[in-house]
Amino acid sequence: MAKVAWIGLGIMGYPMAGHIREKGGHDLVVYNRTTAKADKWVAQYGGQKAASPHEAAEGADFVFCCVGNDDDLREVTLGPDGAFHALKQGAVFIDNTTASADIARELDAAARARGAGFLDAPVSGGQSGAENGILTVMVGGAEGDFEKAHPLIACYARQVRLLGPAGAGQLTKMVNQICIAGLLEGLAEGIHFAAKAGLDIPAVMDTISKGAAQSWQMENRWETMMKGEFDFGFAVDWMRKDLAICLGEARRNGAHLPVTALVDQFYSEVQAMGGRRWDTSSLIARLERVAANT
Ligand code: NAP
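Parameters at a glance
Residues numbered from 1 in each chain as written. Predicted model: local features only at pLDDT ≥ 70, side-chain atom pairs only at ≥ 80, totals over all residues. Heavy atoms only, no water. Axes fitted to C-alpha atoms, helices over the stretch in contact; angles between N-to-C directions. Helix = DSSP H or I, 4+ residues; strand = E, 2+ residues; numbered from the N terminus. Parallel < 35°, antiparallel > 145°, perpendicular 65-115°, else oblique. Left-handed = near helix turned anticlockwise from the far one by under 90°. Contact = heavy atoms within 4.5 Å. Nonpolar A, V, L, I, M, F, W, Y, C, P; charged D, E, K, R; others polar. Pairing = 2+ DSSP bridges. Right-handed = clockwise from strand over helix to strand, strands pointing away. Domains from an automatic or database assignment. Buried area = accessible area lost by both parts, 1.4 Å probe. Salt bridge = Lys/Arg side-chain N within 4 Å of Asp/Glu carboxyl O. Polar contact = N/O pair within 3.5 Å; in protein donor to acceptor, adjacent residues only side chain to side chain. Near = heavy atom within 4 Å. Areas by Shrake-Rupley, 256 points an atom, 1.4 Å probe, with all protein chains shown as cover. Buried < 20%, exposed > 50% of the residue type's maximum accessible area, 1.4 Å probe, protein only.

Draft legend 1. Summary view of the packing of helix H1 (residues 13-22) against helix H2 (residues 35-45). For the pair H1 and H2, interaxial distance at closest approach is 11 Å and the crossing angle is 30 degrees. Judged on the interaxial angle alone, H2 and H1 are roughly parallel. Here the hand of the crossing between H1 and H2 comes out right-handed. For the pair H1 and H2, contact is made by Tyr-14, Ala-17, Gly-18, Arg-21 and Glu-22 and by Lys-37, Lys-40, Trp-41, Gln-44 and Tyr-45, respectively. Taken together, the residues that form the contact of H1 with H2 break down as four nonpolar, two polar and four charged.

Draft legend 2. Geometry of the pairing of strand S9 (residues 157-162). For strand S8 (residues 135-139) and S9, the ladder comprises five bridges, and the chain directions are parallel. Its bridge partner being in S9, Thr-136 is matched across the sheet by Gln-159. In this fold, the crossover linking S8 to S9 by way of helix H7 (residues 143-153) has right-handed handedness.

Draft legend 3. Inspection of the domain arrangement of the chain at higher detail. Taken domain by domain, the chain comprises domain 1 (3-164) and domain 2 (171-292). Across the interface of domain 1 and domain 2, roughly 990 Å² is buried in total on both sides, 60% from carbon and sulfur atoms. Of all residues in domain 1, Thr-98, Ala-101 and Met-138 give up the largest surface area on contact with domain 2, accounting jointly for 36% of the area buried on that side. Our count for the domain 1 to domain 2 interface comes out at one salt bridge. Residue Arg-252 pairs with Asp-102 through a salt bridge whose shortest N-O separation is 3.7 Å. Between the two partners, domain 1 and domain 2, sit three residue pairs in polar contact (both at pLDDT 80 or more). Counting residues per element, the ones that place at least two in the side of domain 1 that touches domain 2 are helix H5 (101-113) and strand S7 (123-124). Sort the elements by how many residues they give to the side of domain 1 that touches domain 2 and H5 lands first, with three residues. Partitioned by chemical class, the residues of the side of domain 1 that touches domain 2 number six nonpolar, five polar and two charged.

Draft legend 4. Fine view of the sheet that holds S7. With mixed pairing, three strands are arranged side by side in an open sheet as S7-S8-S9. Each of the sheet's edge strands pairs with one partner strand only, and the pair in question is S7 and S9. The strands touched by helix H8 (residues 168-196) are S7 and S8; relative to S8, the strand with the most contacts, the crossing angle is about 130 degrees.

Draft legend 5. Molecular detail of the site of the ligand. Around the ligand, the surrounding shell holds 24 residues, and the nearest of these are Met-12, Asn-32, Thr-34, Lys-37 and Gly-68. In the environment of the ligand, an oxygen atom lies 2.6 Å from a nitrogen or oxygen atom belonging to the side chain of Asn-32. Thr-34 places a side-chain nitrogen or oxygen 2.5 Å from an oxygen atom of the ligand. Within the complex, 90% of the 900 Å² of free accessible area of the ligand lies under protein. Elements supplying a minimum of two residues to the shell around the ligand: helix H4 (70-78), helix H6 (126-132) and helix H11 (236-253). Ranked by the residues each element gives to the shell around the ligand, the list is headed by H4, at three residues. Here the residues of the shell around the ligand sort into nine nonpolar, nine polar and six charged. When residues of the shell around the ligand are assigned to domains, at least three fall in each of domain 1 (3-164) and domain 2 (171-292).

Draft legend 6. Geometry of the environment of Asp-39. Mapped onto the fold, Asp-39 is located in helix H2. In this structure Asp-39 comes out as partly exposed when scored by relative accessible area, which is 39%. Separated by 240 residues in the primary sequence, Asp-39 and Asp-279 place their C-alpha atoms 28 Å from one another.

Draft legend 7. Up close: the pattern of salt bridges. Counting across every chain of the model gives 16 salt bridges. Where Glu-106 meets Arg-74, a salt bridge forms, and the shortest distance between an N and an O atom there is 2.7 Å. Of this pair, Glu-106 sits in helix H5 while Arg-74 sits in helix H4, placing them 32 residues apart in sequence. Accessibility expressed as a relative area gives 32% for Arg-74, which makes it partly exposed. Note that Asp-102 and Arg-105 form a salt bridge whose closest N and O atoms lie 3.3 Å from each other. On the criterion of helical spacing, the pair formed by Asp-102 and Arg-105 is a turn pair, its members being three residues apart in helix H5.

Draft legend 8. Structural view of the sheet that holds strand S1 (residues 4-7). The parallel open sheet is built from six strands, whose spatial order is S3-S2-S1-S4-S5-S6. Looking at which strands have only one partner, the edges of the open sheet turn out to be strand S3 (48-49) and strand S6 (117-120). By the bridge criterion, four bridges tie S1 to strand S4 (residues 62-65) in an arrangement that is parallel. Across the sheet, Trp-6 pairs through a bridge with Phe-64, a residue of S4. Packing against the sheet, H7 makes contact with S1, S4, strand S5 (92-95) and S6, and its axis sits at approximately 55 degrees to S6.

Here it is, written out as structure tokens:
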């Protein structure tokens, strides 16, 4: 039985850690900044609560992490109470946060200097994917570390793949977000147009979702977009954090991302409309507002 630690019991981390306990049968030591969530997790799944990331990582074979952004990640790893100060030789640190490729490379080097391994392993599939244990996990790192950690990651995933050295997982997640950004604006414009054209939107969606316009976003979001319901799902604030990472990386590697940059601006307008916590499908609310004012 491996000794497993988990840092960050948010919307994603809480159920993901739960799958490692329930499907993997491993005992976990969990840390969460807001202690009440760690208390709730331990009451639900058993295991132990740690007072800091450092304490959680002590003696662990695998240390999982799922926090918000680069700064949070740096704090829970290299900060004064950070997990890296306690990483034992041969341990593997698996980071599920959506963060930059730069910090993945930095943490990979820092882990290696301590004789441990590091995998950047951002996820796709949202809250429901985490709760149902069917996430897609995009991994960067060394083959040996990946092989060790794969059976544990598989507890919360349907698809797990090593895509290259440290940073490759985060770069793949950027591709995922670039694809989704343009797609969501296209879907929003399609539904907005259908409404203006006086079409029967459910009939239109039922028809075209069987053809080339089909997508996960279309199948799962058209109805709530049509009704103007956005109080769930993947928050616009998170998406802007992800798009800033994509656009920053593109500035460095020379990729041209005109639609991604435009959609990022549209999301800033959704934020200004009060939609910081709205699902990313709320781009349609911006279209309706612009159309109403022209
Ligand atoms: P969340 O519910 O806000 O949880 C964030 C977690 O990180 C919480 O446990 C929070 O602790 C902890 N945290 C943040 N800053 C910290 C710090 N400085 N020190 C210690 N702990 C800190 O977010 P989430 O939805 O689970 O998302 C987590 C990551 O997954 C993000 O990178 C996000 O982009 C990515 N992601 C999310 C989704 C989604 O649908 N939600 C989908 C794919 C990927 P507290 O409880 O104390 O705040």
